[in-house]
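# Coordinate analysis (summary)
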Amino acid sequence: MDMNDNKRRRSMLLYILIAIVAYLVISQALGSGLTAQRVQEVGYSQFVDMVEKNEVTAAQTTVGSSEITFTTGEGDSQQVYTTVQWPGAEEQTSQLLEEHDVDTTASIQDTSGDLWLMMLISYGLPILLFLGIGWWLNRRMKKAMGDDGPSMNFGGGGFGMGGGLGKSNAKEIKGEDTGVTFKDVAGQDEAKESLEEIVSFLKNPEKYNEIGARCPRGALLVGPPGTGKTLLAKAVAGEAGVTFFQIAGSAFVEMFVGRGAAKVRDLFKQANEKAPCIIFIDEIDAVGKRRDANLSSNDEREQTLNQLLSEMDGFDNHKGIVVLAATNRPETLDQALLRPGRFDRRIPVELPDLTGREAILKIHANDVKMEPGIDLGIVARSTPGASGADLANIINEAALRAVRFGRRRVTQEDLLESVDVVIAGEKKKSTVLSQHEKEVVAYHETGHAIVAATQKGSAPVSKITIVPRTSGALGFTMQVEEDEHFLTTRQEAKDKIAVLCGGRAAEELIFGEMTTGASNDIEKATQLARSMVTQYGMSDRFGMVQLGQPASRYLGGGAQLTCSEGTAQEIDAEVQALVEEGHQAALKTLRENRFKLHEIAHYLQKKETITGEEFMNILTRDDGFAPKMPTPPAE
Ligand code: ADP
Ligand code: MG
Ligand code: ZN
């Protein structure tokens, strides 16, 4: 308080000073301009001269003053002069003026009210004006700085530049206004449960203080992109009805050193005023990357991180401030951030499972008008690995499609079509395949489908299409799992590779040539085989040894080998062998079912898109060529 009063007085003084100086400068400028134009100062002798030459038309003086104001000429050519009369020459002057018929007036000086009024108007008004402006400026600066006292100071010099510039961009949204609660987040029950405690703490921090329990200061939401981390953070604020400060990690890291740290400081200061509240730092890996002794380390980022660490240690948790952060690259975070008392609680936000996907679809389906009797379950089943954001997108795509076709409600067909759009891209009408190319694609896709269908326990084929997509795919075969499973056996992985090889195998078998159409299949098959060898310990050669480390758990992007060069060569050989095994298996299956392959491929070429049912009908029709189908797994 004392400090504040002092500061205030000092700044008051400063304003007055500034006001006076400014007034003087301005009045000087104005005044000199005016006098130069209108009133000219002349010597007494010159005055006498002018009177004698009969140039002076009128003169005026004040009793007791020796200043004489006089004019020459009339109308437009009138000129005003002043002069100071020689001491004791009053009588002479008046005689002279009388002799030359000059119009003379004398006035008595009023030393009372008028003068004061004049003074007040001429000095007081500007001062008041400047004080007002100063006060207003000060208030604006204070606001901009998050009330850091007056922003002008003596000694330090300058107008407190740092304050205004380092202001954080944290958007202040009142929790209730975000309108998001746990109800809007589906399929993240474990995450919600972990966050429940934080909600209850924010609702009444006193209860925790009484017992002496310390609530976590920070929690880290980790998971792949689009799984609802941001949404969850907002929902916590919404549930607790507290203020929600959101800032992206990248917003801290700016070009000028020191500003990031200032922003962190300011953010926590604002939060302290609004407590209980939530500070949400999105994509924290932008600031929180592990510090290392690298030459290329980013000075600014480190300063910001250090400031963040010290703020997290320093803030008063009794008031109810919780810092939430989100990232999809937790492995890159600085260990210091994860220490107890900082982001010590880690909340995984994983990709939704089957029931989770259906629940998410349901939430977003509420926002659009749907035909009655829509089955969201089939959509959920055909989208394994989709994130919440993908699912929201599927519903939206379906609604857009309904509008495009002039419908008022979304149909099941819209939904299924939009799954294809999200998985494979929009249908591409402009791609015109030649008859031969179309034939190749039909055999390729049928090859995948037949290999898949004749395997035991692999997902049933639900759709085959040879309509080109904007993603570049010339067709695709969709398999939909009946229900989800979380483990993949070695045999299943091998089967999957065989299915992926089925396309190319069909091309070779029928046309005796290879096309570029298999490139995506080859990529996927090789990746799976490599993971089997380096991560899943499924190769005979190496057994249960980890030979690679995923570069990023949530972002994919392959694995980094953690083995010697010699071993790397052997891995390559092992991977090649696995893929080749699948390739041979696919060739064998297709050779055995050559007639069905022809029949289905021709049918597909005619229809362009066929359902899984149509496909199975032809494949299992007992005409002497039907494959021996695997018995479905016992319940
Ligand atoms: P993240 O921050 O994890 O990348 P977001 O929270 O930004 O993901 O999610 C993006 C959008 O996806 C959300 O606005 C929401 O519409 C949808 N979404 C994601 N996950 C869920 C979920 N679990 N429940 C409902 N909607 C979700
Ligand atoms: Mg996000
Ligand atoms: Zn293929």
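What follows is about the packing of helix 18 (residues 435-453) against helix 22 (residues 594-607). Put simply, helix 18 and helix 22 touch, their axes get as near as 8 Å, and they point 125° apart. Here helix 18 lies oblique to helix 22, going by the angle between them. In this structure, helix 18 crosses over helix 22, and the sense of that crossing is right-handed. Here helix 18 contributes Q435, K438, E439, A442, Y443, E445, T446, G447 and I450 to the contact with helix 22, which in turn contributes K596, L597, H598, I600, A601, H602, L604 and Q605.

Residues in contact with ligand 1 amount to 15 residues; listed here are only the nearest, A186, G226, K229, T230 and H364. T227 places a main-chain nitrogen or oxygen 3.3 Å from a nitrogen atom of ligand 1. Residue L231 places a main-chain N or O atom 2.9 Å away from an oxygen atom belonging to ligand 1. In isolation ligand 1 has 560 Å² of accessible area, and contact with the protein removes 79% of it. Going through the elements one at a time, helix 9 (229-240), helix 14 (354-365) and helix 16 (388-404) are the ones with two or more residues in the shell around ligand 1. With three residues, the single largest contributor to the shell around ligand 1 is helix 9. Its residues assigned to classes, the shell around ligand 1 shows six nonpolar, seven polar and two charged. A domain split of the shell around ligand 1 shows at least three residues from each of domain 1 (171-348) and domain 2 (354-424).

In this section: the sheet that holds strand 16 (residues 609-611). The strands that make up a sheet are held in pairs by hydrogen bonds between backbone atoms, and each pair lies either parallel or antiparallel. Ordered in space as 13-12-16, the three strands form an open sheet in which the pairing is antiparallel. Of all the strands in the sheet, just strand 13 (476-479) and strand 16 have a single pairing partner and so form its edges. Taking the axes of each pair of neighbouring strands and ignoring which way they run, one obtains an average angle of 10° across the sheet. Both strand 12 (residues 461-465) and strand 13 contribute to a ladder of four bridges, which runs antiparallel. Note on strand 13: the bridge partner recorded for V461 is Q479. Each of strand 12 and strand 13 is contacted by helix 17 (residues 412-424), which is oriented at about 115° to strand 13, the strand it contacts most. Here helix 22 sits on the sheet and contacts strand 12 and strand 16; the angle it forms with strand 16, its principal contact strand, is near 120°.

For the protein, per-residue confidence averages 81 on the pLDDT scale, and residues scoring 70 or more make up 84% of the total. In the model, residues 32-36 has pLDDT below 50 throughout and makes three contacts with residues more than four positions away in sequence or in other chains. Contacts from residues 172-176, a stretch scored under 50 in pLDDT, to residues over four places away or in other chains number 17 contacts.

Another aspect to go through is the coordination of the zinc ion (ligand 3). The protein atoms donating to the zinc ion (ligand 3) are H444 (NE2), H448 (NE2) and D521 (OD), with metal-donor distances spanning 2.0 Å. Sequence spacing of the donor residues for the zinc ion (ligand 3), all on one chain, is H-x3-H-x72-D. Of this pair, H444 sits in helix 18 while D521 is found in helix 20 (residues 519-534), placing the two residues 77 residues apart along the sequence.

Moving on to the side chain of D285. For D285, the location among the structural elements is in helix 12 (residues 285-288). Put simply, D285 is tucked away with no salt bridge, and the nearest opposite charge, on R329, sits 4.6 Å away. Reaching out from D285, the side chain makes a polar contact with the side chain of T327 at a distance of 2.5 Å. Residues within four places of D285 in sequence aside, it is in contact with T327, N328, R329, T332 and L333.

Mapped onto the fold, T181 is located in the loop between helix 6 (175-178) and helix 7 (189-203). Under the relative-accessibility criterion, T181 is labelled partly exposed at 22%. Each residue touching T181, except ones within four places of it in the same chain, is listed here: A235 and E239.

Another aspect to go through is a negative patch on the surface. There is a patch of like negative charges on the surface, built from D49, E52, E55, E98, E99 and D101. Mapped onto the negative patch, the elements with two or more residues apiece are helix 2 (44-52) and helix 3 (90-99).

Calculation criteria
- Residues numbered from 1 in each chain as written.
- Chains lettered and ligands numbered in written order.
- Predicted model: local features only at pLDDT ≥ 70, side-chain atom pairs only at ≥ 80, totals over all residues.
- Heavy atoms only, no water.
- Axes fitted to C-alpha atoms, helices over the stretch in contact; angles between N-to-C directions.
- Helix = DSSP H or I, 4+ residues; strand = E, 2+ residues; numbered from the N terminus.
- Parallel < 35°, antiparallel > 145°, perpendicular 65-115°, else oblique.
- Left-handed = near helix turned anticlockwise from the far one by under 90°.
- Contact = heavy atoms within 4.5 Å.
- Near = heavy atom within 4 Å.
- Polar contact = N/O pair within 3.5 Å; in protein donor to acceptor, adjacent residues only side chain to side chain.
- Areas by Shrake-Rupley, 256 points an atom, 1.4 Å probe, with all protein chains shown as cover.
- Nonpolar A, V, L, I, M, F, W, Y, C, P; charged D, E, K, R; others polar.
- Domains from an automatic or database assignment.
- Pairing = 2+ DSSP bridges.
- pLDDT = per-residue confidence, 0-100.
- Donors = N, O, S within 2.8 Å, 3.2 Å for Na, K, Ca; no water.
- Buried < 20%, exposed > 50% of the residue type's maximum accessible area, 1.4 Å probe, protein only.
- Lys, Arg positive; Asp, Glu negative; His and termini not counted.
- Salt bridge = Lys/Arg side-chain N within 4 Å of Asp/Glu carboxyl O.
- Patch = residues over 30% accessible without salt bridge, like charges linked within 9 Å, V, L, I, M, F, W, Y side chains within 5 Å.
- Charge placed at Lys NZ, Arg CZ, Asp CG, Glu CD.

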